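# Working through the structure, step by step
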Amino acid sequence: YSLSFITVGIILLALAVKHLLGSQYPLFSLSPLKIKTFRITAVGGSFFRIAVASVPFLLPLMFQLGFGMSPVDAGTLLLWLFVGNLCMKPATTWIMNTFGFRRVLLVNGLMVSVGFAAMAMFTVNTPHWLIVLVLFISGLNRSMHFTALNTIGFADVGEKQMRDASTLFSVLQQMSRGIGIAFAALVLAFSMWLLHGTTLVETRAEDFQLAFWIIAVLALISIADTLSLSRDAGASILKPKTVS
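Definitions and limits used
Residues numbered from 1 in each chain as written. Predicted model: local features only at pLDDT ≥ 70, side-chain atom pairs only at ≥ 80, totals over all residues. Heavy atoms only, no water. 1 Å grid on protein atoms, 1.4 Å probe; cavity = no way out; pocket = protein on both sides within 12 Å on 5 of 7 lines; lining within 4 Å. Points joined across faces, edges and corners; volume = space filled by probe spheres on them. Helix = DSSP H or I, 4+ residues; strand = E, 2+ residues; numbered from the N terminus. Nonpolar A, V, L, I, M, F, W, Y, C, P; charged D, E, K, R; others polar. Phe/Tyr/Trp six-rings, centres within 6.5 Å; stacked < 30°, edge-to-face > 60°. Buried < 20%, exposed > 50% of the residue type's maximum accessible area, 1.4 Å probe, protein only. Expected span 1.5 Å × (residues − 1). Contact = heavy atoms within 4.5 Å. Patch = residues over 30% accessible without salt bridge, like charges linked within 9 Å, V, L, I, M, F, W, Y side chains within 5 Å. Areas by Shrake-Rupley, 256 points an atom, 1.4 Å probe, with all protein chains shown as cover. Salt bridge = Lys/Arg side-chain N within 4 Å of Asp/Glu carboxyl O. Axes fitted to C-alpha atoms, helices over the stretch in contact; angles between N-to-C directions. Parallel < 35°, antiparallel > 145°, perpendicular 65-115°, else oblique. Left-handed = near helix turned anticlockwise from the far one by under 90°. Core = buried A, V, L, I, M, F, W, Y, C linked by side-chain atoms within 4.5 Å.

### Section: empty space enclosed by the protein
Inspection of the entire model under this criterion finds two cavities of 30 Å³ or more. By volume, the largest cavity amounts to about 60 Å³. Of all elements in the fold, only helix 3 (44-66), helix 6 (101-120) and helix 7 (128-152) reach the threshold of two or more residues within the lining of the largest cavity. It is helix 6 that contributes the most residues to the lining of the largest cavity, four residues altogether. Looking at side-chain class alone, the lining of the largest cavity contains six nonpolar, two polar and one charged residues. Approximately 40 Å³ is the volume found for the second largest cavity. Contributing to the lining of the second largest cavity are I40, G44, G45, F48, L105, H145, L149, S222, I223, D225 and T226.

So this is what it looks like as structure tokens:
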């Protein structure tokens, strides 16, 4: 059934793209994808959002089913991921202005992937303070990455294309969130099948660990297109550095 739904979804997506490209008056144009900075936000950013959206689904399940924690303990640990999100917000503008978009997206994207790899190494014996630290830092990193992606995406979009770019960005953002949860469930099922030969078994800690390794790889792939950015990409919306 899962493969059938995936196949239908791909066919419908292909038909939607064909309609948008061929219609004289489409709901929105795909022309903003020709802009490199926007395309990176749309393509690589979508892979990143899928990876990130899978974490709030998998982590509580791993804590409860894999490690035997109570729902309260699992939720308390997960909360630190979002604490990190909030704590990063005041520093995002300074970081982007200081280091530039390309460097931030590459370095921070790598750190996000390392964070997923660290989650893959959690065990039932991992101290809670270490889990909290990893989740807090991961929250910082993913918040920074989201902000950089969302900002550079519209750096080179002209006024005439802004409506289409905004609509397309919103559509892709919502799609990525939904796909993220489905991807997490699919990766977990794949891990169970790979490790046990079937999905009809009790979920174990190693199933989640393998799933997080796969998500770490996806997060790493999401920054591949950032390599094509120039060093001054998005500089038009950054504050010029002052010489003291």
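There is more to say after this.
### Focus on the packing of aromatic side chains
Taken as a whole and assessed by the stated rule, the structure comprises six aromatic pairs. With a centroid separation of 5.9 Å and 70° between ring planes, the pair formed by F38 and F154 is classed as edge-to-face. Here F38, found in helix 2 (residues 36-42), pairs with F154, found in the loop between helix 7 and helix 8 (162-196); they are 116 residues apart in sequence, far enough to count as distant. The class for F38 is buried, based on a relative accessible area of 1%. When the centroid spacing of 5.2 Å and the interplanar angle of 75° are considered together, the rings of F48 and F146 count as edge-to-face. Of this pair, F48 sits in helix 3 while F146 sits in helix 7, and the two are 98 residues apart along the sequence. What makes F48 buried here is its relative accessible area of 2%.

### Side note on the layout of surface pockets
Within this model, the largest pocket holds a volume of roughly 900 Å³. For the largest pocket, the lining is made up of 30 residues, of which L13, I50, L172, M175 and I179 are closest to its centre. Those elements that provide at least two residues to the lining of the largest pocket are helix 1 (2-22), helix 3 and helix 8. Per-element tally for the lining of the largest pocket: the top contributor is helix 8, with twelve residues. By residue class, the composition of the lining of the largest pocket is 25 nonpolar, five polar and no charged.

### Some details on helix 4 (residues 71-88)
Here helix 4 is 18 residues long and its end C-alpha atoms lie 27 Å apart, about the 26 Å a rise of 1.5 Å per residue gives. Among all positions in helix 4, only A74, L77, L78, L81, G84, N85 and M88 are buried. Elements that come into contact with the buried residues of helix 4 comprise helix 3, helix 5 (92-99) and helix 7.

### Some words on a nonpolar patch on the surface
Taken together, the side chains of L13, V17, L21, V171, M175 and I179 present a nonpolar region at the surface, about 480 Å² in accessible area. Those elements giving two or more residues to the nonpolar patch turn out to be helix 1 and helix 8.

### Regarding the packing of helix 8 against helix 9 (residues 205-221)
Remark: helix 8 packs on helix 9, axes separated minimally by 8 Å, with the N-to-C direction vectors making an angle of 125°. Relative to helix 9, helix 8 is oriented oblique. Between helix 8 and helix 9 the crossing geometry is right-handed. Contacts from F183, V187, L188, F190, S191, M192, L194, L195 and H196 of helix 8 reach helix 9 at E206, D207, F208, L210, A211, I214, I215 and L218.

### Points about the pattern of salt bridges
Under the criterion given, the structure shown has one salt bridge. Here R163 makes a salt bridge to D164, at a shortest N to O gap of 3.0 Å. R163 gets classed as exposed once you look at its relative accessible area, which sits at 53%.

### Considerations on the nonpolar core
Most often, soluble globular proteins have nonpolar side chains that are buried together. Within the largest apolar cluster, 52 residues are counted, with the highest numbers of intra-cluster contacts made by L59, F63, F116, M119, F122 and F212. Among the elements of the structure, helix 3, helix 4, helix 5, helix 6, helix 7, helix 8 and helix 9 are those that each provide at least two residues to this core. Residues within four places of M119 in sequence aside, it is in contact with V55, L59, M62, V134, L135, S138 and F212. Ranked by size, the runner-up nonpolar core spans eleven residues in total, among them F28, F38, V157 and A165.

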